[in-house]
Amino acid sequence: MSDKLIPIAGDTALENLGIGDSNTRDKIFRDVDVVMNFAATTNFYERYDVALSTNTLGPKNILDFCKKCVKLEMLLHVSTAYVCGEKEGLILEEPYSMGETLNRTATVLDIEMEKKVIEQKLEELRAKQLSKKEETKAMKELGLERLIKQNNKTHLLQHVYVFTKGNGEMLIGERRENLPIVIIRPTIVTSTIKEPFPGWVEGVKTVDAFFTGFGQGEITFFLGNSQTIMDVIPGDMVVNATIAATVAHGDKPNSKFMIIYQVACSNRGPMYSLKIRNYAYNHFAKNPLMSENGKPIKGLGLMNAILRHDDGGYCKKNKRQVKFVTQLVNFNEPYLVFKRNVFYFDPACINWDDYFMNIHPPGQMTYVLN
């Protein structure tokens, strides 16, 4: 692979992908025949300016770069299956029209307007000389506000990741002209099934937060409906699908196609939430994570604190754990329960006894049913 791969530093948020050396750019323009775009931020609660520049404007910059490649046979763009939003029934793998919102509301999405909103917000925040942490918090909240506004919602049922990835697809569709395009829409990408070895994963993304939460003892229960199918797909299967799509379409340079593939597993191998809970429990029961003092982590006592109420309330003592669980629920609701308005809550006003049922000792996972 070292004889075939040439790494080049760049930035998809910049013109010409941030490749400043003209000789390098010219060589790429002359020689490259297939471009695959995997670049994205998968953080559900990302700063709005970062998410928009990476997931929406990044694909536009890559498309503009591709148009200068004289031998280009196709651009393969990795999106997400969840750009379909919350629509029900049979959903075909079709491209989205420019300005189309996630749920096809009457609101017209204007990406240029979103850029102006971001610029104005940043000017406002920097005029106040806020800290970087305060600025980041405000920009994250702006993303949620814009998402709710664009989809005519009273609260969050999708997240900025899906919103900005959908926008990226729209820009590609609008600006592609005759460039051959393949879009891959995977579901929830998890650790590998085979390559480079079983279970490999880099970083903590999306559903991984549940497993690290179990292993670290931050949550001792599972969130969601036990019969919900969580469509998880191993990362190496997604890679294999992109390679297969490239082989199938990359040798047809005269074709002006736009092909969309969904990469999923729930039809042939449905993964129910209950299965995931059991797999996680069995794994950590046999292979517990170790604490800093070298002892197995069994749990942080979140359930005991909630039930005892002997320390002035759970919020004071377990603020971090409660915040962690709340974020998991709010940002993963569409994948956990598959129903609207059934599992969005504010930890300050919830009756916890209605949600935490069949409590086991710390270190064992129980279920939260709605």
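Everything numeric in this text was worked out from a predicted model, so none of it was measured.

## Considerations on the overall build of the chain
Move 1: Within the chain, the regular secondary structure consists of eleven helices and eight strands.
Move 2: Within the chain, the proportion of its 370 residues that are buried is 46%.
Move 3: Pairs at least 24 apart in sequence give 75% of the contacts found in the chain among residues at least 6 apart.
Move 4: In the form shown here, the chain has an accessible surface area of approximately 19,800 Å², with 53% of it arising from carbon and sulfur atoms.

## Some remarks on helix H8 (residues 273-286)
Move 1: Between its terminal C-alpha atoms H8 stretches 20 Å, which fits the 20 Å expected from 14 residues at 1.5 Å a residue.
Move 2: Every buried residue of H8 is listed here: Ser273, Ile276, Arg277, Ala280 and Phe284. In a view along the axis of H8, the buried residues occupy a sector of 100°, so they form one face of it. Across from the buried face of H8, at angles greater than 90 degrees, the exposed residues are Tyr279, Ala285 and Lys286.

## Remarks on the pairing of strand S1 (residues 34-37)
Move 1: Because side chains alternate across S1, one face comprises the buried residues Val35 and Asn37, and the other comprises Val34 and Met36, none of which is buried.
Move 2: Here four bridges tie S1 to strand S2 (residues 74-78), and the two strands are oriented parallel to one another. Counterpart to Val35 in the pairing with S2 is Leu75.
Move 3: Regarding the hand of the β-α-β motif, the stretch spanning S1, helix H2 (residues 48-66) and S2 is right-handed.

## What to know about the environment of Leu144
Move 1: Looking at the secondary structure, you find Leu144 in helix H4 (residues 132-150).
Move 2: Taking the C-alpha atoms as reference, Leu144 lies 9.5 Å from Arg47; in sequence the two are 97 residues apart.

## Side note on the nonpolar core
It is characteristic of soluble globular proteins that their nonpolar side chains tend to be buried jointly.
Move 1: Phe65, Cys66, Leu75, Leu179 and Ile181 are the most contacted members of the largest nonpolar core, which totals 17 residues.
Move 2: Elements with a contribution of two residues or more to this core: helix H1 (22-31), H2 and strand S3 (181-186).
Move 3: A total of four residues in this core trace back to one element, the largest contributor, which is H2.
Move 4: Sequence-distant contacts of Ile181, defined by excluding residues within four places in its chain, comprise Leu63, Leu75, Ile172, Arg176, Phe257, Met258 and Ile259.
Move 5: Core analysis: the next-biggest nonpolar cluster, separate from the first, contains 16 residues, Val162, Met230, Met271 and Ile276 among them.

## Let's talk about helix H3 (residues 111-127)
Move 1: If you check H3, its first and last C-alpha atoms are 24 Å apart, about what 17 residues at 1.5 Å a residue would give, namely 24 Å.
Move 2: For H3, the set of buried residues is Ile111, Glu114, Val117, Ile118, Leu122 and Leu125. The buried residues of H3 occupy an angular sector of 130° when the element is viewed end-on, so they sit on one face. The exposed residues of H3 that point more than 90 degrees off its buried face are Gln120, Glu123 and Ala127.
Move 3: Looking at the residues trailing H3, positive phi occurs at Gln129, about 55°.

## Quick word on a nonpolar patch on the surface
Move 1: Where nonpolar side chains cluster on the molecular surface, the patch consists of Met36, Phe38, Val239, Ile243 and Val247 and spans about 440 Å² of accessible area.
Move 2: Counting residues per element, the nonpolar patch draws most heavily on helix H7 (residues 235-249), at three residues.
Move 3: Mapped onto the secondary structure, Val239 falls in helix H7.

## A closer look at the packing of aromatic side chains
Move 1: All chains considered together, the criterion is met by three aromatic pairs.
Move 2: Aromatic pair Tyr48 and Phe163: ring centres 6.5 Å apart, planes at 15°, arrangement stacked. Placement of the pair is Tyr48 in helix H2 and Phe163 in helix H5 (residues 160-175), with a sequence separation of 115 residues.
Move 3: A relative accessible area of 0% places Tyr48 in the buried class.

## Quick look at the sheet that holds S1
Move 1: The four strands are arranged S1-S2-S3-S7 in an open sheet whose pairing can be described as parallel. The sheet terminates laterally at S1 and strand S7 (258-263), the two strands that pair on one side only. Adjacent strand axes in the sheet meet at a mean angle of 15°, parallel and antiparallel pairs treated alike.
Move 2: Together, S2, S3 and S7 form the strand contacts of H5, whose direction differs from that of S2 by roughly 165°.
Move 3: Packing of H7 onto the sheet brings it into contact with S1, S2, S3 and S7, and relative to S2 it is tilted by some 160°.

## Remarks on the packing of helix H6 (residues 208-215) against H8
Move 1: Between H6 and H8, whose axes approach to 10 Å, the crossing angle comes to 40°. The angle between H6 and H8 places the two elements in the oblique class. Considering only the axes of H6 and H8, their crossing is right-handed. Mapping the contact onto sequence places Phe211, Phe214 and Gly215 in H6 and Ile276, Ala280 and Phe284 in H8.
Move 2: For the contact of H6 with H8, the per-class residue count stands at five nonpolar, one polar and no charged.

## Re the side chain of Arg146
Move 1: Note on placement: Arg146 falls in helix H4.
Move 2: According to the relative accessible area criterion, Arg146 is buried, its value standing at 12%.
Move 3: Other than its neighbours up to four places away in sequence, Arg146 contacts Tyr48, Met113, Glu114 and Val117.

What counts, and where the lines are drawn
- Residue numbers here run from 1 along each chain, matching the order of that chain's written sequence.
- Predicted model: local features are reported for residues with pLDDT of at least 70 only, side-chain atom pairs are reported and counted for 80 or more only, and whole-chain, interface and lining totals are derived from all residues.
- Values shown for side chains rest on all heavy atoms present in the structure; no hydrogens or waters enter the calculation.
- Each helix is a run of DSSP H or I of at least 4 residues and each strand a run of E of at least 2, with the numbering of both proceeding from the N terminus.
- Relative accessible area decides the class of each residue, using a 1.4 Å probe on protein chains only: under 20% of the type maximum gives buried, over 50% gives exposed, and in between gives partly exposed.
- Residues are treated as being in contact if the distance between any of their heavy atoms lies within 4.5 Å.
- Residue burial considers only the protein chains on display, and all accessible areas are found by Shrake-Rupley using a 1.4 Å probe.
- To estimate the expected span of a helix, count its residues, drop one, and scale the result by 1.5 Å.
- Summarising the geometry, the arc corresponds to the directions from the helix axis toward the C-beta atoms.
- Any two strands between which DSSP finds at least two bridges are classified as paired.
- Clockwise travel from the first strand over the helix to the second, with the strands pointing away from the viewer, marks a crossover as right-handed.
- To qualify as a nonpolar core, a set must consist of buried Ala, Val, Leu, Ile, Met, Phe, Trp, Tyr and Cys residues joined through side-chain atoms within 4.5 Å.
- By definition, no residue in a patch forms a salt bridge, and every one has over 30% relative accessible area; like charges are joined within 9 Å, nonpolar side chains (Val, Leu, Ile, Met, Phe, Trp, Tyr) within 5 Å.
- Salt bridge, as used here: a side-chain nitrogen of Lys or Arg that lies within 4 Å of a carboxyl oxygen of Asp or Glu.
- Here a pair means two rings of Phe, Tyr or Trp (six-membered ring of Trp) with centres within 6.5 Å. Their orientation is stacked below 30 degrees between planes, edge-to-face above 60, and tilted elsewhere.
- Think of each axis as a best-fit line through the C-alpha atoms, taken over the contacting stretch in the case of a helix, with angles from 0 to 180 degrees between the N-to-C directions.
- Should an angle lie under 35 degrees it is considered roughly parallel, over 145 roughly antiparallel, and from 65 to 115 roughly perpendicular; all remaining angles are considered oblique.
- Handedness of a helix crossing follows the sense of rotation of the near helix relative to the far helix, less than a right angle counterclockwise being left-handed and clockwise being right-handed.
- Throughout, the ten residues Ala, Val, Leu, Ile, Met, Phe, Trp, Tyr, Cys and Pro are labelled nonpolar, Asp, Glu, Lys and Arg are labelled charged, and all others, Gly among them, are labelled polar.

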